[in-house]
Amino acid sequence: MTESTPPARGSLLRRNASFRLLWSSRATSYLGESLGLVALLVHLEGTSRAAIAAAMLLVACDFVPGLFGPLAGAIADRFDLRRVMIGCEVAQALLTAVIAIWLPALPILLLLVAIRGFAAQIYLPASRSAVPGLVDDRDVESANSTLGAGTYGLEAAGPLVAAALFGLLDVRELLLITATSYLIAAVVLVALPKLPSAHVDIEQGLFTSTRAGVGFLWSAPAIRVIAVGFFAIVAFNGVDDVALVFLAKDSLHGSDSEAAALYAGVGIGLAIGYPLLARYASRFPTVALLIVGFGISSLGNLATGLAGVVITALLIQIVRGLGLTALDVAINTHLQRTVPREVLGRVFGTLYGLVGVAAGLSYLFGGILLELTDARTTFVVAGVGGLLVTVVTALALRRVSSSTS
C-alpha cells in the first residue's frame, strides 16, 4: 500500500481489535499520569522556592530519563514489544504507589520520579514502534492521530479531574489513582498479540546497537534536521509545564482549581485536533504539518504571556494544542514511513530522548527565569524563541529537499 491510498471506511478502533487494545491501554495510562503530575505540581507549589522545586520535578520526569533515550530505543528493538510495554507499566505502577504512600522529601521524590521516568522512556519507543505492526500503511496517519487523541488528548481530562477532586481527595489518594491506572493499562496489554523484535542483528551488543541507532538518525539529513528542530522547539516551549501554575496564581490571581483547569487548555486542543487529523492528515505533506505545528505551538506561548485573564489564557492554550497535534502526527508518521523497522525503536528512542533532555533544560532555565522575572516574561521569551526555530527549520528542510531532488 502507498501513502496515497485512501483509508478504509469506518473507525480504526472499530475495525482493528489489536490497535483498540493498544489505544485503550495508553489512554488509561496517560490519563492517570496527567492526573498525578498535576497533583505533584500543586503539592510542590506550596513549598519554599516552589518554582525551582517544580522545575526540578519536571527535569526528573523528562531530562534524566531522556539521557537514556537511545538505550531505551535499543531495548524496544531487541525484545518483544508487548512484554516491554507491560513491564514498563507495572514498574510505573509500583513506583507511583511508593511515592503516594511515602510522599518523601524532595531529593528522594526526584529520584523515584526519575526512575519511573526511565520506565516511561522505554515504553515510548516500544509503543510507537508497535503501530506499523498493528495497522496497514494506509492507516498510519489515522492510527497516530487516534493514539494521540487517546493519550495526549486526555491531558485535558487529567487536570480537569484533578480540579474536581482536590476538594475531596488529597495528593496521596490522587497518586494512588495514578498507580491504579498503570496497573489497568498493563492488564489490558496482556491481550495484545505478540510483537516480536525486528532487530536483525541480535548478536550485536546492546550498547553497540544503541550507537548504530544514533548513527542512523544523524546520517539521514531530513531526520537530522527534524530532530534538531524538535529539540530546539521543546527547549524553548517546554517552559509552559512549569510556568502555567505561576501565571494562573501569581500573574492572573487564579485559584488552585483555575490553575489546574489552565493546564487542561492544551489537552482540550489536542482532543479537538487529533480527531480532525485522523480524518484529514493524509491530505497534507508531513513536513508541512510539522512546520505548522512548530509555528502554532510557539505563537501560542507568546500570546499566553500577554493574556489578561485566566479564560483568555485557557483559550489560547487550546489553540496551541491544535498546533501540537499537527507536530506530533507529522513526526511519528514521517518516521514510521521512512525509517527501516529494524532501527525504528532506536530512532524513536533517540529522538524522544533528545526531546526529554530539551524539556528538562527548558524546565530548568524556565524555573530560573521565573525566579528572576515573572511568568509573563517567561512565556514571551519562549514564544519568540520558538518562532525563530520554526523559520530556521523550514529553511533547512527546504534546502535538504532541494539537494536530494
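Residues numbered from 1 in each chain as written. Predicted model: local features only at pLDDT ≥ 70, side-chain atom pairs only at ≥ 80, totals over all residues. Heavy atoms only, no water.

- Under an unreviewed UniProt entry, the name given to the protein chain is MFS transporter, and the organism recorded is Antrihabitans spumae.
- In its Subcellular location (unreviewed entry) section, UniProt records this for the protein chain: "Cell membrane". (UniProt positions renumbered as here; feature names shortened; annotations may be inferred.)

**Side note on the side chain of R128**
1) Next: When you line up the elements, R128 lands in helix α6 (residues 106-134).
2) Next: Using a relative accessible area of 4% as the deciding quantity, one classes R128 as buried.
3) Next: Excluding its chain neighbours within four sequence positions, the residues that come into contact with R128 are R26, Y152, D328, N332, Q336, F348 and Y352. (Helix = DSSP H or I, 4+ residues; strand = E, 2+ residues; numbered from the N terminus. Buried < 20%, exposed > 50% of the residue type's maximum accessible area, 1.4 Å probe, protein only. Contact = heavy atoms within 4.5 Å.)

**Brief notes about a nonpolar patch on the surface**
1) Next: A contiguous nonpolar surface patch, about 640 Å² in accessible area, is contributed by I272, L276, Y280, F284, V292, I296, V319 and L322.
2) Next: Elements with a contribution of two residues or more to the nonpolar patch: α13 (256-280), α14 (286-305) and α15 (310-338).
3) Next: Broken down by element, the residue count for the nonpolar patch peaks at 3 residues, all from α13.
4) Next: Summarising the element assignment, V319 is placed in helix α15.
5) Next: Taking the relative accessible area as the measure of exposure, V319 reaches 46% and is therefore partly exposed. (Patch = residues over 30% accessible without salt bridge, like charges linked within 9 Å, V, L, I, M, F, W, Y side chains within 5 Å. Areas by Shrake-Rupley, 256 points an atom, 1.4 Å probe, with all protein chains shown as cover. Salt bridge = Lys/Arg side-chain N within 4 Å of Asp/Glu carboxyl O.)

**Remarks on the packing of helix α3 (residues 50-66) against helix α16 (residues 341-372)**
1) Next: α16 packs onto α3 with a crossing angle of 165 degrees between their chain directions and a minimal axis gap of 7 Å. One element, α3, and the other, α16, form an angle in the roughly antiparallel class. The crossing of α3 and α16 is left-handed.
2) Next: When the residues that make up the contact of α3 with α16 are grouped by side-chain class, the tally is 14 nonpolar, 5 polar and 2 charged. (Axes fitted to C-alpha atoms, helices over the stretch in contact; angles between N-to-C directions. Parallel < 35°, antiparallel > 145°, perpendicular 65-115°, else oblique. Left-handed = near helix turned anticlockwise from the far one by under 90°. Nonpolar A, V, L, I, M, F, W, Y, C, P; charged D, E, K, R; others polar.)

**A short note on the side chain of T286**
1) Next: Along the polypeptide, T286 turns up in helix α14.
2) Next: Overall, T286 belongs to the buried group, its relative accessible area being 14%.
3) Next: Within the structure, T286 has its side chain in polar contact with the side chain of H334 (distance 3.4 Å). (Polar contact = N/O pair within 3.5 Å; in protein donor to acceptor, adjacent residues only side chain to side chain.)

**Some words on unusual backbone geometry**
Across residues other than glycine, the phi torsion is negative in most instances, and most of the peptide bonds are trans.
1) Next: Phi at L103 is positive, roughly 40 degrees, even though this residue is not glycine.
2) Next: Looking at the element boundaries, L103 is found in the loop between α5 (81-102) and α6.

**Some remarks on the nonpolar core**
Note on soluble globular proteins: their nonpolar side chains tend to be buried together.
1) Next: Among the nonpolar cores identified, the biggest contains 110 residues, and M85, F230 and I331 are the most heavily contacted of them.
2) Next: When residues of this core are assigned to their parent elements, the largest contribution, 12 residues, is made by α6.
3) Next: In this structure, I331 is in contact with I226, F230, L290, L351 and Y352, ignoring residues within four places of it in sequence.
4) Next: Judged by nonpolar contacts, the second largest core, of 8 residues, contains L35, A163, L165 and A260. (Core = buried A, V, L, I, M, F, W, Y, C linked by side-chain atoms within 4.5 Å.)

**Here we look at the state of the cysteines**
1) Next: Under the defined criterion, the tally for this structure stands at 0 disulfides.
2) Next: With no disulfide of its own, C61 lies 16 Å from the sulfur of C88, the closest cysteine sulfur.
3) Next: A relative accessible area of 18% places C61 in the buried class.
4) Next: According to the relative accessible area criterion, C88 is buried, its value standing at 6%. (Disulfide = S-S within 2.5 Å.)

**Side note on the pattern of salt bridges**
Think of it this way: side chains of opposite charge can pair up when their charged atoms draw near.
1) Next: What the rule picks out here adds up to 8 salt bridges.
2) Next: For D136, the salt bridge is made with R138, and the minimal N-O distance between the two is 3.9 Å.
3) Next: For D136, a relative accessible area of 36% gives the class partly exposed.
4) Next: Put simply, D240 and R320 hold a salt bridge, and the shortest N to O gap is 2.7 Å. A residue pair is termed long-range when its members are at least 10 positions apart, and D240 in helix α12 (residues 240-251) and R320 in helix α15 qualify at 80 residues. Comparing D240 with R320 shows no difference in burial state: the two are buried.

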